[in-house]
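This is what each chain is made of:
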Amino acid sequence: MKFPENINIPLDVWVDRAMDWVLNTFGGFFDALGTLILYFMLYIEKFFLWLPWPVLILGVGILSWRVLGSWWSGVSMAAMLFFIGVLGLWELGMMTLSLVVASVIISLAIGIPLGIAMASSNRMQGIIKPLLDGMQTMPSFVYLIPALMLFGLGKVPALFATIIYAVPPVIRLTNVGIREVSASVIEAAHAFGSSYWQILFKVQLPLARPTILVGVNQTTMMALAMVVIASMIGAKGLGLEVLLAINRIEVGRGFEAGLCIVFMAIIIDRITFAMASEKKQ
Amino acid sequence: MEKIIIEGLYKIFGPHPEKAMRMLNDGHSKDDIMEKTRHGVGVADASFVVNAGEILVVMGLSGSGKSTLVRCINRLIEPTAGKVIVNGEDVTRIGKKELRHFRQKHFGMVFQNFALFPHRSVVRNAEYGLEIQGVDTTKRREAAMQALEQVGLKGWEESMPDQLSGGMQQRVGLARALALDADIMLMDEAFSALDPLIRRDMQDELIDLQEKVQKTIVFISHDLDEAIKLGDRIVLMKDGFIVQQGTAEEILTNPANDYVARFVEGVDMSKVITAETVMKKYEAMAYLSTDGPKAALRKMEKAGISSIFVRKSGKLKGIVTARACRAAADRGEKNLAAILDTDIQTVAPDTPANELFPLLAEEPHPVAVVAEDGHLKGVIVAGSLLAKLSEVTNPENGSDLDAEADSESKITV
């Protein structure tokens, strides 16, 4: 049986209208915001493109060795990074990396305070939680449309979409980490006359740190995944290579770029995860 | 001096306590109120004082409201009604900020599950209270070290709490409260999570420590033996109400009602009962300066005893037996000096009964209870000790005790 056509809500029209209204009213604001973000990103990108490749490879090698605890992991992480250069994708890789770094920095700057706010009251949790659920279940491509409309083509909307996609884990896990802190320890802090901020900084955040770091790890991984998709709206990098390869059905080119993304994902994941679990012990 | 005064304190859990309060005042029970209003009664109409420098033990079974009560004192739990006056100031009336300062200045707290900060080393746990007061690093470190030394944790400063045993963790908890130099210590079942041997050690150490620091301590416990050992006075709670308050001995020998009596039943009375409570009045007494052997014999005969204490100018001098008196009388001696046995066992009035058993087993004569000034207060014979013990441990057998309890009980449910 067909659903009656006259029972119909024109939600698409409403959303379009709302979007138009936002653009007309806050266009200037978004332009300014976009410029600000762009400068921030360009700064980071410049840094990574300037960074001599041996320095980065050596740095990653040593860092992996220290946090993963074996020289072998240090060597293998460095080798993977070296391989990206061997494939001739170093520069594109650095662009991707800088986009990831920029979006993670902003995600954490937004996510950790939001997580703290969410942990501080059940009402806040009640408001933020469904929003996060929505953000995570919505197909990631959908974010590209408003990002495109607000900021046009290029790096800024890519970053914007990436942040929306990547920020929920760090918010959630900051919230969970703080709420997990044993009530008796908080009670003890209160009994000694601590203020809200003293409890937050001296008790809750230090104890929630391992959980928050897991959130940082997840946010980073999601940012990397989204950066690839964000290439569709003009972010240069490895994702764009994959996109071009798909369009032109160049399997080899796509494979190379895909492999580099996997390597980058492994490196970032291992290092950030080891940092998170190291603090847990 | 009264340090803490609690007056008509109520704590009702739930959004609308007014109705529950009304029902409570109409005499409804805790369960009844829970069923009808969905409100829990934590503390109901509690009034008592804590004197400066004493250990007051608030005792009751779980759910009796004792932990709620102690949290109302420093307002970790907001009381529904009533007054909590500490150092003359009503804690229930002060604002949030003043409350924080008040806690910093006056309350050290020790928790059942230790509640240490797991991410801080032992010394940083101990200095926490001073750190949040903004005391500078060297000063607070010094105070923390001193507190740790007091609880016997010198050398463990840099350890993390999870590297320590339960007993040591609670020492850290104690040091954290001591380092503050607050005048009041709130101890919420501080030793309940420890195994019995460690618990006993900690109790002994708390008593020693208290001699030195002289804090006002409110100690929560569900263990009557602990309450008796530590408490200068005991407040006994049931279902949010205070059922009896007084010294250990008052409560034990004179339970206010059946509930207290049942609670008290399990206690090892021989630790609680003192020589003074079990001694018999000593009516027959020979006087060294006036009585000869014949007079002494006559007194013994009259009282139906085989030996008699001898005193001179109000002080106990010794004992003579009937046999020795008869021999002396036969020899024609005129006074008791020659046959006086001065090597007699005496005990102070506050000696616990369990220390009396071995003495009674060794001594052929009754044990004399002698006050500090040498004055004979009474005697203990094995029979009277056992009789008294069985009487207080099985109140239903001692009918006179029940009657006494009914007439003298001040607070009843």
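Everything numeric here is computed off the predicted structure, so don't read it as measured data.

1. Considerations on the overall build of chain A
Logical step 1: In terms of helices and strands, chain A carries eleven helices and zero strands.
Logical step 2: Sequence-ordered secondary structure for chain A, helices as α and strands as β, is α-α-α-α-α-α-α-α-α-α-α.
Logical step 3: Along the three orthogonal principal directions, the C-alpha set of chain A runs to about 70 × 65 × 45 Å.
Logical step 4: Every one of the 281 residues in chain A was classed for burial, and the buried ones make up 40%.
Logical step 5: Intrachain contacts of chain A at a sequence separation of at least 6 include 76% that bridge at least 24 residues.

2. Observations regarding the domain arrangement of chain B
Logical step 1: Domain boundaries in chain B define domain 1 (2-246) and domain 2 (276-387).
Logical step 2: For domain 1 of chain B versus domain 2 of chain B, the separation of C-alpha centres amounts to 48 Å.

3. A look at the sheet that holds strand β14 (residues 346-347) of chain B
Residues and elements named next belong to chain B.
Logical step 1: Across the sheet, which stays open at both edges, the three strands sit in the order β14-β15-β16 with mixed pairing between neighbours. Unpaired on one side and paired on the other, β14 and β16 (376-380) mark the two borders of the sheet.
Logical step 2: Both strand β15 (residues 367-370) and β16 contribute to a ladder of four bridges, which runs antiparallel. Looking at the pairing, valine 369 lines up with glycine 378 of β16.

4. Regarding the nonpolar core
Logical step 1: Formed by 190 residues in total, the largest nonpolar core has its most connected members in Ala161 of chain A together with Val58, Ala175, Val218 and Leu236 of chain B.
Logical step 2: If one sorts the elements of this core by residue count, helix α9 (residues 196-230) of chain A sits on top with 15 residues.
Logical step 3: Counting contributing residues per domain, this core is built from domain 1 (2-246) and domain 2 (276-387) of chain B, each supplying no fewer than three.
Logical step 4: The residues contacting valine 218 of chain B, other than those within four sequence positions of it, are Val50, Leu56, Val58, Val70, Ile73, Leu186 and Met187 of chain B.

5. Describing the packing of helix α7 (residues 137-150) of chain B against helix α8 (residues 166-179) of chain B
All names here are of chain B.
Logical step 1: Relative orientation of the contacting elements α7 and α8 amounts to 135°, with a least axis distance of 8 Å. By the angle between their directions, the pair α7 and α8 is classed as oblique. Our pair here, α7 against α8, has a crossing hand that is right-handed. On α8, the residues touching Ala143, Ala144, Ala147, Leu148 and Gln150 of α7 are Ala175, Leu178 and Ala179.
Logical step 2: Considered class by class, the residues forming the contact of α7 with α8 number seven nonpolar, one polar and no charged.

6. Section: the interface of chain A and chain B
Logical step 1: Taken together, the contact pairs 14 residues of chain A with 17 residues of chain B.
Logical step 2: Of all elements in the fold, only α8 (183-191) and α9 of chain A reach the threshold of two or more residues within the side of chain A that touches chain B.
Logical step 3: Of the residues forming the side of chain A that touches chain B, the biggest block, six residues, is contributed by α8 of chain A.
Logical step 4: For the side of chain A that touches chain B, the class distribution of residues is seven nonpolar, six polar and one charged.

7. Concerning the pairing of strand β13 (residues 315-321) of chain B
Residue and element names in this part refer to chain B.
Logical step 1: Among the seven residues in β13, five count as buried, and that is most of the element.
Logical step 2: Here strand β12 (residues 307-312) pairs with β13 via six bridges, running antiparallel. When the sheet's bridge partners are listed, arginine 311 is paired in β13 with leucine 316.
Logical step 3: Hairpin connection of β12 to β13: two residues between the antiparallel strands, including serine 313 at a positive phi of 40°.

8. Quick notes on the packing of helix α4 (residues 90-120) of chain A against helix α10 (residues 238-248) of chain A
What describes two packed helices is the angle between their axes and the distance between those same axes.
Residue and element names in this part refer to chain A.
Logical step 1: At a closest axis distance of 7 Å, the pairing of α4 and α10 adopts a crossing angle of 115°. Note on element contacts: α10 touches α4 through Leu238, Gly239 and Glu241, opposite Leu92, Gly93 and Thr96.
Logical step 2: Residue composition of the contact of α4 with α10, grouped by class: two nonpolar, three polar and one charged.

9. Let's talk about helix α7 (residues 155-180) of chain A
Three or four residues apart is the spacing at which side chains of an α-helix point the same way, because the helix has 3.6 residues per turn.
Residues and elements named next belong to chain A.
Logical step 1: Helix length check: α7, at 26 residues, gives a terminal C-alpha distance of 37 Å against a target of 38 Å (1.5 Å per residue), a fit within 8%.
Logical step 2: Approximately 35° is the largest bend angle found in α7, and it occurs at alanine 166, with the proline proline 168 only one to four residues beyond.
Logical step 3: Extensive coverage of α7 is indicated by the burial of 23 of its 26 residues.

10. Some details on helix α3 (residues 71-86) of chain A
Residue and element names in this part refer to chain A.
Logical step 1: The end-to-end C-alpha distance of α3 is 22 Å, a good match for the 22 Å that 16 residues give at a rise of 1.5 Å each.
Logical step 2: Along α3, the residues that are buried comprise Gly74, Met77, Ala78, Met80, Leu81 and Ile84. Take α3 and look down its axis: the buried residues cluster within an arc of 150°, on one side only. Seen from the open side of α3, the exposed residues pointing more than 90 degrees away from its buried face are Trp71, Trp72 and Val86.
Logical step 3: In the stretch just after α3, glycine 88 is the one whose phi turns positive, near 80°.

11. Quick word on the environment of lysine 11 of chain B
Residue and element names in this part refer to chain B.
Logical step 1: As for its placement among the helices and strands, lysine 11 is situated in strand β1 (residues 2-13).
Logical step 2: A C-alpha to C-alpha distance of 38 Å links lysine 11 and threonine 277, two positions 266 residues apart in sequence.
Logical step 3: Those residues in contact with lysine 11 that sit more than four places away from it in its chain are Gly42, Val43, Thr68, Cys72, Ile77, Pro79 and Thr80.

Procedures and definitions
- Residues numbered from 1 in each chain as written.
- Chains lettered and ligands numbered in written order.
- Predicted model: local features only at pLDDT ≥ 70, side-chain atom pairs only at ≥ 80, totals over all residues.
- Helix = DSSP H or I, 4+ residues; strand = E, 2+ residues; numbered from the N terminus.
- Buried ≥ 20, exposed ≤ 12 C-beta atoms within 10 Å, placed from the backbone.
- Contact = placed C-beta atoms within 7 Å.
- Domains from an automatic or database assignment.
- Pairing = 2+ DSSP bridges.
- Core = buried A, V, L, I, M, F, W, Y, C linked by C-beta atoms within 7 Å.
- Axes fitted to C-alpha atoms, helices over the stretch in contact; angles between N-to-C directions.
- Parallel < 35°, antiparallel > 145°, perpendicular 65-115°, else oblique.
- Left-handed = near helix turned anticlockwise from the far one by under 90°.
- Nonpolar A, V, L, I, M, F, W, Y, C, P; charged D, E, K, R; others polar.
- Expected span 1.5 Å × (residues − 1).
- Bend = angle between axes of the 7 residues up to and from the residue.
- Arc of directions from axis to C-beta.

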